[in-house]
Amino acid sequence: MPNFGDFQVSVYLEGMLNGTTPELTTNLAQLQEHAKAVLPAEAMGYIVPSAGDGATARANREAFDRWRIVPRMMRGAVERDLSCTVLGTSMPAPVLLAPIGVQSLAHSDGELATARAAAGMGIPYIHSTAASHSFEEVAEASGGGPRWYQLYVPNDREVCQSFLERAAASGFDTLVVTLDTTILGWRPADLDRGFLPFLANVGVANYLTDPAFLAKLDKPVEEDPGAATFLWAGMFPNPGLRWSDLSFLREHWAGPIVVKGVVATEDAIAAVDHGVDGIVVSNHGGRQVDGSIGALDALPAVVGAVGDRTTTLFDSGIRNGTDVIKALALGADAILLGRPFLYGLALAGQQGVEHVLRCLLAELDLALTLAGHPDPATLGPEVLQRS
Ligand SMILES: Cc1cc2nc3c(=O)[nH]c(=O)nc-3n(C[C@H](O)[C@H](O)[C@H](O)COP(=O)(O)O)c2cc1C
């Protein structure tokens with residue numbers, strides 16, 4: 001088995017022997033600026049900025065910057081195996097792609113390109129309820145690739161049940177229930193442009209292909225698209241969602257259930273007490289509550305409270321391979337990569353997502369080895385020092 005870090009050698013060889021350099025930068029933290037330059041203004045405004053004045057997104061990055069890795073010597077390994085199994089899904093490294101909606105804003109192939117890239121590398125793809133392609137289309141693109149489904153719980157239980165049934169029938173194994181977006185946060189970049197893709201029936205493919213949703217319309221969507229928009233707008237908001245509603249999901253979902261968007265230890269405990277199989281410590285990349293706690297700052301306390309009772313995943317602010325090490329060291333079992341893969345998608349479609357994953361995994365592998373922790377499962381807080 002080659003090591004992920006071997007990608008580094010292939011890049012150098014391409015450059016030295018063939019004079020070719022990578023199409024996209026290998027510094028994943030720079031992708032945001034590159035993507036900004038190619039995305040149309042509305043898409044850029046939806047994807048890049050966060051809620052309010054961006055304080056939460058800044059806090060996410062600052063939280064990473066406060067931790068430093070303390071490399072250990074004479075402990076590397078020639079052959080490395082980063083693979084793991086999370087809630088029954090095996091993966092080549094503790095990395096999944098975060099659920100991201102409306103990927104057609106980044107590239108016309110949208111989720112199909114992402115699902116193909118993920119499947120080609122064995123990395124789990126998580127399908128958003130707010131996707132531009134339906135469960136069935138994505139399942140076809142994903143083929144034998146591992147895939148999970150992210151649910152925004154609609155306030156209409158018939159549609160909710162139908163989504164769960166279609167996701168299961170399409171081979172999505174684990175359900176990720178997002179708790180932090182029962183309504184949209186205050187997003188000035190979109191507000192200032194008066195832009196919300198869902199109101200143009202973009203990012204609602206799961207709804208527009210859903211028999212329970214369509215049954216509630218008097219006419220086919222093509223004849224009255226406005227009625228479909230109105231129906232969606234009526235069933236998306238769900239601020240009345242409660243822990244007790246998880247029992248409805250459990251009744252209609254046979255696989256593992258994970259809740260996403262937890263940063264308070266009280267909520268982590270409540271989630272586990274209500275029988276979830278995992279949690280994602282996340283603040284939605286700062287897109288919901290401006291001025292909230294950095295996600296990595298929340299991780300140690302959550303792991304301390306429930307880490308021995310549940311699977312803990314993490315996202316919000318991961319930009320490169322060494323960020324993955326920090327999150328794993330602070331107790332995450334695996335991480336979800338967000339915006340960087342979307343920037344890769346915007347810049348080069350499926351190949352862009354593949355490039356981002358290759359770079360992330362290569363840097364993770366090399367840094368783990370150089371820091372003397374070739375097996376990610378052995379990472380703990382002692383690997384880090386707070387600066
Ligand atoms: C453009 C965009 C759309 C997103 N759509 C969803 C979504 O549909 N469902 C969801 O649970 N999270 C969604 N997220 C949040 C991601 O799953 C993840 O929590 C976030 O991207 C992590 O922050 P980071 O990208 O800054 O690392 C979205 C994020 C972005 C940037």
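As a starting point, this report considers the structure included with it. (Residues numbered from 1 in each chain as written. Predicted model: local features only at pLDDT ≥ 70, side-chain atom pairs only at ≥ 80, totals over all residues. Heavy atoms only, no water.)

**As for the overall build of the chain**
Phase 1: For the chain, the count of helices and strands is 16 helices and twelve strands.
Phase 2: By the compact-globule yardstick of 21 Å for 387 residues, the chain fits well, its C-alpha radius of gyration being 20 Å.
Phase 3: Seen along its three principal axes, the alpha-carbon backbone of the chain occupies a region of about 70 × 50 × 40 Å.
Phase 4: Counting only residues that meet the buried cut, the chain has 56% of its 387 residues in that class.
Phase 5: Partitioning the intrachain contacts of the chain with sequence separation of at least 6 by distance along the chain shows that 75% fall at a separation of at least 24. (Helix = DSSP H or I, 4+ residues; strand = E, 2+ residues; numbered from the N terminus. Rg over C-alpha atoms; globule rule 2.2 N^0.38 Å. Buried < 20%, exposed > 50% of the residue type's maximum accessible area, 1.4 Å probe, protein only. Contact = heavy atoms within 4.5 Å.)

**A word on helix H11 (residues 225–235)**
Phase 1: For H11, every residue scored as buried is listed here: Ala 228, Thr 229, Trp 232 and Met 235. The buried residues of H11 all sit within an arc of 140 degrees when viewed along its axis, so they share a single face.
Phase 2: On the buried face of H11, the contacting elements are helix H7 (157–169), helix H9 (205–208) and helix H10 (211–214). (Arc of directions from axis to C-beta.)

**Side note on the packing of aromatic side chains**
Phase 1: Under the counting rule described, the total for this entry stands at ten aromatic pairs.
Phase 2: Taken together, a centroid distance of 5.0 Å and an interplanar angle of 80 degrees make the contact between Phe 163 and Tyr 207 edge-to-face. Of this pair, Phe 163 sits in helix H7 while Tyr 207 sits in helix H9, and the two are 44 residues apart along the sequence.
Phase 3: Here the aromatic cluster, defined as three or more aromatic residues joined through ring pairs, consists of Phe 135, Tyr 149, Phe 163, Phe 172, Tyr 207 and Phe 213.
Phase 4: Across the ring face of Phe 248, the terminal group of Arg 157 is positioned such that the distance to the ring centre comes to 4.2 Å.
Phase 5: Just above the ring of Tyr 46 sits the side chain of Arg 287; from NZ or CZ to the centre is 4.9 Å. (Phe/Tyr/Trp six-rings, centres within 6.5 Å; stacked < 30°, edge-to-face > 60°. Lys NZ or Arg CZ within 6 Å of the ring centre and 35° of its normal.)

**Some words on the environment of Gly 88**
Phase 1: Within the element layout of this structure, Gly 88 appears in the loop between strand S2 (84–86) and strand S3 (89–91).
Phase 2: Accessibility expressed as a relative area gives 66% for Gly 88, which makes it exposed.
Phase 3: Residues Gly 88 and Asp 65 lie 23 residues apart in sequence; the distance between their C-alpha atoms is 32 Å.

**Quick word on the pattern of salt bridges**
Pairing is possible between side chains that carry opposite charge, provided their charged atoms lie close to one another.
Phase 1: Enumeration according to the criterion identifies eleven salt bridges in this entry.
Phase 2: A salt bridge links Asp 297 to Arg 66; its shortest N-O distance comes to 2.6 Å. Of the two residues, Asp 297 sits in helix H14 (residues 295–306) while Arg 66 sits in the loop between helix H4 (55–65) and strand S1 (67–69), which places them 231 residues apart along the sequence.
Phase 3: With a relative accessible area of 27%, Asp 297 lands in the partly exposed category.
Phase 4: Members of the salt-bridge network, linked through shared partners, are Glu 136, Arg 166 and Asp 210. (Salt bridge = Lys/Arg side-chain N within 4 Å of Asp/Glu carboxyl O.)

**Describing the pairing of strand S7 (residues 175–178)**
Phase 1: Taking every second residue as pointing to the same face, both faces of S7 are buried, with Leu 175 and Val 177 on one and Val 176 and Thr 178 on the other.
Phase 2: Examined bridge by bridge, strand S6 (residues 147–151) and S7 share three bridges and lie parallel to one another. Directly across from Tyr 149, in S7, lies its bridge partner Leu 175.
Phase 3: Traced from S6 through H7 to S7, the parallel crossover comes out right-handed.
Phase 4: Where S7 and strand S8 (residues 257–262) come together, four bridges link them in parallel fashion. Of the residues in S8, the one forming a bridge with Val 176 is Val 258. (Pairing = 2+ DSSP bridges. Right-handed = clockwise from strand over helix to strand, strands pointing away.)

**A word on the site of the ligand**
Phase 1: Taken together, 23 residues are adjacent to the ligand, and Pro 99, Ser 128, Thr 178, Arg 319 and Arg 339 come closest.
Phase 2: The separation between an oxygen atom of the ligand and a polar side-chain atom of Arg 319 is 2.7 Å.
Phase 3: Summarising the interface, the protein chains cover 99% of the accessible area of the ligand, which totals 600 Å² for the free molecule.
Phase 4: Counted by class, the shell around the ligand contains eight nonpolar, ten polar and five charged residues. (Near = heavy atom within 4 Å. Polar contact = N/O pair within 3.5 Å; in protein donor to acceptor, adjacent residues only side chain to side chain. Areas by Shrake-Rupley, 256 points an atom, 1.4 Å probe, with all protein chains shown as cover. Nonpolar A, V, L, I, M, F, W, Y, C, P; charged D, E, K, R; others polar.)

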